[in-house]
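Next come the chains, spelled out residue by residue.
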2 protein chains.
Amino acid sequence: MLQPGETHKAEEIVRDTVASVPAIDPSWHERAIRRLNSLTKPLGSLGRLEEIAAKLVAIREEEFPQFSNKVIFTLTADHGVTDESVSAYPKEVTYQMLLNFLSGGAGINVLCRHFGIRVVVVDIGVDADTSGLDGLVEMKVARGTKNMARGPAMTGSEAYLALHHGIVLAQQARRDGGDIIGIGEMGIGNTTAASAIAAVLSGRSVSEVTGRGAGLDDLGMQHKVRVIEQSLRINHPDPSNAFDVLSKVGGFEIAGLAGLTLGAAARRIPVVVDGFIATAGAAIAVALQPRSRDFLFAAHRSSEPGHDALLKFVGLEPLLDLRMRLGEGTGAALVMPLIEASARLMKEMATFSSAGVSGAKE
Amino acid sequence: MLQPGETHKAEEIVRDTVASVPAIDPSWHERAIRRLNSLTKPLGSLGRLEEIAAKLVAIREEEFPQFSNKVIFTLTADHGVTDESVSAYPKEVTYQMLLNFLSGGAGINVLCRHFGIRVVVVDIGVDADTSGLDGLVEMKVARGTKNMARGPAMTGSEAYLALHHGIVLAQQARRDGGDIIGIGEMGIGNTTAASAIAAVLSGRSVSEVTGRGAGLDDLGMQHKVRVIEQSLRINHPDPSNAFDVLSKVGGFEIAGLAGLTLGAAARRIPVVVDGFIATAGAAIAVALQPRSRDFLFAAHRSSEPGHDALLKFVGLEPLLDLRMRLGEGTGAALVMPLIEASARLMKEMATFSSAGVSGAKE
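Residues numbered from 1 in each chain as written. Chains lettered and ligands numbered in written order. Predicted model: local features only at pLDDT ≥ 70, side-chain atom pairs only at ≥ 80, totals over all residues. Heavy atoms only, no water.

Enquirer: Help me understand the overall build of chain A, please; the structure alone is not making it clear to me.
Expert: Regarding its fold elements, chain A presents 14 helices and six strands. For chain A, whose C-alpha radius of gyration is 20 Å, the value lies close to the compact-globule estimate of 21 Å for 362 residues. Dimensions of chain A, computed from C-alpha atoms along their principal axes, come out at roughly 70 × 40 × 40 Å. Looking at the 362 residues of chain A, the share that counts as buried comes to 65%. The long-range fraction of contacts in chain A, counting pairs at least 24 apart against all pairs at least 6 apart in sequence, stands at 76%. (Helix = DSSP H or I, 4+ residues; strand = E, 2+ residues; numbered from the N terminus. Rg over C-alpha atoms; globule rule 2.2 N^0.38 Å. Buried < 20%, exposed > 50% of the residue type's maximum accessible area, 1.4 Å probe, protein only. Contact = heavy atoms within 4.5 Å.)

So, in structure tokens, the structure goes:
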């Protein structure tokens, strides 16, 4: 793993990865549709499962791609902006939840056990000494970002390093046989960073894209809006430069998820994007490389109001709408089995001719 | 199993089952909410999964109900109204698909293999000789209903027998250890019957609740509307009498699913209702016994326009909206693992105190 001194290498790897994301060949998509139309069901009657199946074929460039080695990355980090009291929970909860992930007691652990998904817990910027914790992937860039209400959240070097770490995670996942990746996160204060990114990338007002996070009341939410407005005024991130946006008002977990997205797309691995904060990471990836969009699946519609702006920016429609807003990757965990099932339907369903079923009347 | 001559027994069993559906005790629901609020997540952040978990606790009257023995019933039947050319597919497809279910090549088979669900295929009224087919549950009431555009679809005796058969299926599922039941169907012409039921129970116009079924064009759909209008004019089913509606414009699979719903509710087994036609069955059950509503989960929102009217009638909001319209139980198969997961989350997630995680700031 690169160390803080080797930023030039990180920058090079990030640029190479961005450049190497392949373009999707639409003929694979058409081929999948022909197959789907031959299966024993009314045309199109599996709805969005057919859309998923065709997208998977185009991503993998295989007639019958299968997805059984499922992994979710839960990236954890702290945010300097919590100094401004933007969260209903104290900052210590990031580290406490990291321990909860490692001992298997969090929501994401239960769902991953249930669905046969591996969870990889990563410290990419938690403000605590996490060295030597069993089962933790240590990739700490710094002990939390700086307070973006007073200046940039991170240096350019830190942003490149965090993006690079995400790319390394995608590489490792591929090496370990992972064929589908979910991206999730945990970090007190990170809806504040995600809302700032949503406002800049979408051009919507801060109040439109800011929500209650883990549970702010009305006054707390108004304060959060003012803190984000101040952060944008002080840093003036450039909407046309995703790297500038990321480093000024982002977070380490968001940068890491952006890197993971790019690294996975470059290797033709489908990425299941969890909720609001994960979509902020995916949006940075898409802004850096629009081709990465074609490798993404939006898991669910978060209750956070800024999610809609980010979903429109990345051009995705979520598969679930269960009013969830937990993060961690929990929405991605619910959707991965549906994606796996879509691929199996295409492979295992009988065709009209193989099953001797009559087609529609002329 | 009862034979056609023993209608009086069938009627008695149906009446007993309707009467024995228990009322839900709201204190179990409140108890579940207290538990959910103690888990390591922001209050309510698991959204509808929390609503599911609390409902399961109230259904089972257990602190930690678990659902691993999952079964989906796919009831197949023919419809006399296909004489009026109301479907894009020939009537023979019902029997051909029944064979496809038995050989494991249909959509429902693939999904059930994927999610570890048992599929039970039932002939409750297919217009073909199905005797001796391996793996088929034979409960044929008759070889299809009569043409409802010319008179009642079934006799009162046939309706009671079909309801009774559904109750027997619920009994058998319980005996075999089934702890959650999905209801699905297949029958060329059955969206015509379901639309007729939807119009009568909801009071909406036939054109509002009638769709393309397996793939009618505009002209075909207009014709289908006229056939349903004629069926209602000739039979004048009584909206306040669900049994009258069922026997005059229903179908054998719809009656069987209504019986299954009542039989499951009477045994405190949660029922996952697939799509449009399954919801017509559930709606008949709810009309016969409003308490059965509390045991139901609506799997997904079908593309058929009449589904909305039936969902409002039974008072359920579907969990998925994937633009599916295949039937068979496919939507129920996708949702059962989510329901199972909701129960596991409540049982296995750490609490704030057990994990040493700080709560929200005051």
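Enquirer: Help me understand the interface of chain A and chain B, please; the structure alone is not making it clear to me.
Expert: Interface size is often expressed as the accessible area that is lost when the parts come together. Contact residues are listed per partner, giving 55 residues for chain A and 55 residues for chain B. Regarding the contact of chain A and chain B, the summed buried area is about 4,900 Å², with carbon and sulfur atoms giving 62% of it. One can count four salt bridges joining chain A with chain B. Those elements giving two or more residues to the side of chain A that touches chain B turn out to be α3 (48–60), α4 (93–102), α5 (107–115), α13 (330–348) and α14 (352–355) of chain A. The leading source of residues in the side of chain A that touches chain B is α13 of chain A, at eight residues. In the side of chain A that touches chain B, the residues fall into 30 nonpolar, 14 polar and eleven charged. (Buried area = accessible area lost by both parts, 1.4 Å probe. Salt bridge = Lys/Arg side-chain N within 4 Å of Asp/Glu carboxyl O. Nonpolar A, V, L, I, M, F, W, Y, C, P; charged D, E, K, R; others polar.)

Enquirer: Help me understand the relation of the copies chain A and chain B, please; the structure alone is not making it clear to me.
Expert: Between the two copies of the chain lies a relationship made up of a rotation around an axis and a movement along it. At an RMSD of 0.0 Å, chain A and chain B line up after a rotation of 180 degrees and a shift of 0.0 Å along the axis. Within this description, the copies of the chain are treated as partners about a two-fold rotation axis. Taking C-alpha positions as the reference, the residue of chain A nearest the rotation axis is Leu320 of chain A, at 3.2 Å. Of the interface residues in chain A, 100% have counterparts in chain B that sit at the interface too, so the contact is made through matching surfaces. (Least-squares fit on C-alpha atoms with pLDDT ≥ 70 in both.)

Enquirer: Would you explain the packing of aromatic side chains in this entry?
Expert: Describing an aromatic ring pair means giving the distance of the ring centres and the angle of the ring planes. For the structure shown, the criterion picks out four aromatic pairs over all chains. With 6.4 Å between their ring centres and 15 degrees between their planes, Phe352 of chain A and Tyr89 of chain B make a pair best called stacked. Residue Phe352 of chain A is found in helix α14, and its partner Tyr89 of chain B is found in the loop between β1 (70–77) and α4 (93–102); the two belong to separate chains. Its guanidinium or amino end placed over the ring of Phe297 of chain A, Lys55 of chain A lies 4.7 Å from that ring's centre, counting from NZ or CZ. (Phe/Tyr/Trp six-rings, centres within 6.5 Å; stacked < 30°, edge-to-face > 60°. Lys NZ or Arg CZ within 6 Å of the ring centre and 35° of its normal.)

Enquirer: When you look at the nonpolar core in this model, what are you seeing that I'm missing?
Expert: In globular proteins that are soluble, nonpolar side chains generally tend to be buried together. Membership of the largest hydrophobic core comes to 276 residues, with the highest contact counts inside it found for Phe73 of chain A together with Phe73 of chain B. Setting aside chain neighbours within four positions, we find Phe73 of chain B in contact with Val120, Val122, Leu169, Ala173, Ile181, Gly182, Ile183, Gly184 and Leu260 of chain B. (Core = buried A, V, L, I, M, F, W, Y, C linked by side-chain atoms within 4.5 Å.)

Enquirer: Explain the pairing of strand β1 (residues 70–77) of chain A to me, please; I cannot follow it from the model alone.
Expert: Within a regular strand, side chains alternate between the sheet's two faces. All names here are of chain A. When you tally the buried positions in β1, you get eight out of eight residues, the bulk of the element. Along β1, one buried face is formed by Lys70, Ile72, Thr74 and Thr76 and the opposite face, lined by Val71, Phe73, Leu75 and Ala77, is buried too. Where β1 lies against strand β2 (residues 118–125), seven bridges are found, and the strand directions are parallel. Residue pairing across strands places Val71 opposite Arg118, the latter belonging to β2. (Pairing = 2+ DSSP bridges.)

Enquirer: Got a minute to help me understand the sheet that holds strand β3 (residues 136–138) of chain A in this structure?
Expert: Within a sheet, adjacent strands bond to each other through the backbone by hydrogen bonds, running parallel or antiparallel. Residue and element names in this part refer to chain A. An order of β3-β2-β1-β4-β5-β6 is seen for the six strands of this open sheet, with the pairing classed as parallel. Looking at strand neighbours, the two that pair on one side only are β3 and β6 (296–298), the edges of this open sheet. Going across the sheet, the axis of each strand differs from the next one's by a mean of 30 degrees, ignoring polarity. Here three bridges tie β2 to β3, and the two strands are oriented parallel to one another. Each bridged residue has a counterpart across the sheet, and for Val122 the counterpart in β3 is Val137. Strand contacts of helix α6 (residues 156–175): β1, β2, β3 and β4 (180–186), with the helix running at about 160 degrees to β1, the strand carrying the most contacts. (Axes fitted to C-alpha atoms, helices over the stretch in contact; angles between N-to-C directions.)

Enquirer: When you look at the sheet that holds strand β5 (residues 271–273) of chain B in this model, what are you seeing that I'm missing?
Expert: Residues and elements named next belong to chain B. Strand order in the open sheet formed by six strands is β3-β2-β1-β4-β5-β6, with parallel pairing between adjacent strands. The sheet is open, and its two edges are formed by β3 (136–138) and β6 (296–298), each paired on a single side. Strand-to-strand twist across the sheet, computed as the mean angle between neighbouring axes with direction ignored, equals 30 degrees. On top of the sheet, helix α6 (residues 156–175) reaches β1, β2 (118–125), β3 and β4 (180–186); it is set at about 160 degrees to β1, its chief contact.

Enquirer: Teacher, can you tell me more about the pattern of salt bridges here?
Expert: It is possible for side chains of opposite charge to pair when their charged atoms get near one another. Tallied over the full model, the rule gives 40 salt bridges over all chains. One connected set of salt bridges, linked through shared partners, spans Arg48, Glu51 and Glu317 of chain A together with Arg323 of chain B.

Enquirer: Please explain the packing of α3 of chain A against α13 of chain A as it appears in this structure.
Expert: A packed helix pair is summarised by two numbers, namely the angle formed by the two axes and the spacing between the axes. Residues and elements named next belong to chain A. Between α3 and α13, the least distance of the axes is 8 Å, while the angle of their chain directions is 80 degrees. As far as their axial angle goes, α13 and α3 are roughly perpendicular. Two secondary-structure elements touch here, α3 through Leu49, Ile52, Ala53, Leu56 and Val57 and α13 through Leu338, Ile339, Ser342, Ala343, Leu345 and Met346. Across the contact of α3 with α13, the residue classes break down as ten nonpolar, one polar and no charged. (Parallel < 35°, antiparallel > 145°, perpendicular 65-115°, else oblique.)

Enquirer: Please explain helix α10 (residues 252–266) of chain A as it appears in this structure.
Expert: Think of an α-helix as 3.6 residues a turn; residues three or four steps apart then line up on the same face. Residues and elements named next belong to chain A. Its 15 residues place the ends of α10 21 Å apart at the C-alpha level, agreeing with the 21 Å of an ideal helix rising 1.5 Å per residue. With respect to burial, α10 is a largely interior element, 14 of its 15 residues being buried. Count one or two residues on from α10 and you reach Arg268, which has phi positive near 60 degrees. (Expected span 1.5 Å × (residues − 1).)

Enquirer: Any chance you could explain the environment of Ala162 of chain B here in plain terms?
Expert: Inspection of the secondary structure assignment puts Ala162 of chain B in helix α6. Each C-alpha atom, one on Ala162 of chain B and one on Leu260 of chain B, is 9.8 Å from the other, the two residues being 98 residues apart in sequence.

Enquirer: For this particular structure, what's the right way to read the packing of helix α7 (residues 190–202) of chain B against helix α11 (residues 276–288) of chain B?
Expert: All names here are of chain B. It is at 9 Å that the axes of α7 and α11 come closest, and there the two elements cross at 45 degrees. Relative to α11, the element α7 lies oblique. The handedness of the crossing between α7 and α11 comes out as left-handed. Note on element contacts: α11 touches α7 through Phe276, Ile277, Ala280, Ala283 and Ile284, opposite Asn190, Thr191, Ala194, Ser195, Ile197, Ala198 and Leu201. Classifying every residue of the contact of α7 with α11 by side-chain character gives nine nonpolar, three polar and no charged. (Left-handed = near helix turned anticlockwise from the far one by under 90°.)

Enquirer: Could you clarify how one ought to interpret the side chain of Lys248 of chain A in this entry?
Expert: Residues and elements named next belong to chain A. Structurally, Lys248 can be placed in helix α9 (residues 242–249). Overall, the relative accessible area of 18% leaves Lys248 in the buried class. Of note is the side chain of Lys248, whose polar atom sits 3.2 Å from the backbone oxygen of Asn235. If we ignore the near neighbours within four places in the chain, the residues touching Lys248 are Met148, Gly151, Pro152, Ala153, Asn235, His236 and Pro237. (Polar contact = N/O pair within 3.5 Å; in protein donor to acceptor, adjacent residues only side chain to side chain.)

Enquirer: Please explain the environment of Ala214 of chain B as it appears in this structure.
Expert: Looking at the element boundaries, Ala214 of chain B is found in the loop between α7 and α8 (218–235). On a C-alpha basis, the gap between Ala214 of chain B and Glu63 of chain B in space is 43 Å, while along the polypeptide they are 151 residues apart. The residues touching Ala214 of chain B, leaving out its near neighbours within four places in the chain, are Pro42 of chain A together with Ala88, Tyr89 and Arg325 of chain B.

Enquirer: Where do I start with the environment of Ser292 of chain B in this structure?
Expert: All names here are of chain B. For Ser292, the position within the fold is in the loop between α11 and β6. Sequence separation between Ser292 and Asn109 is 183 residues; the distance between their C-alpha atoms is 28 Å. Apart from residues lying up to four places away in sequence, Ser292 is in contact with Val21, Leu262, Ala265, Ala285 and Val286.

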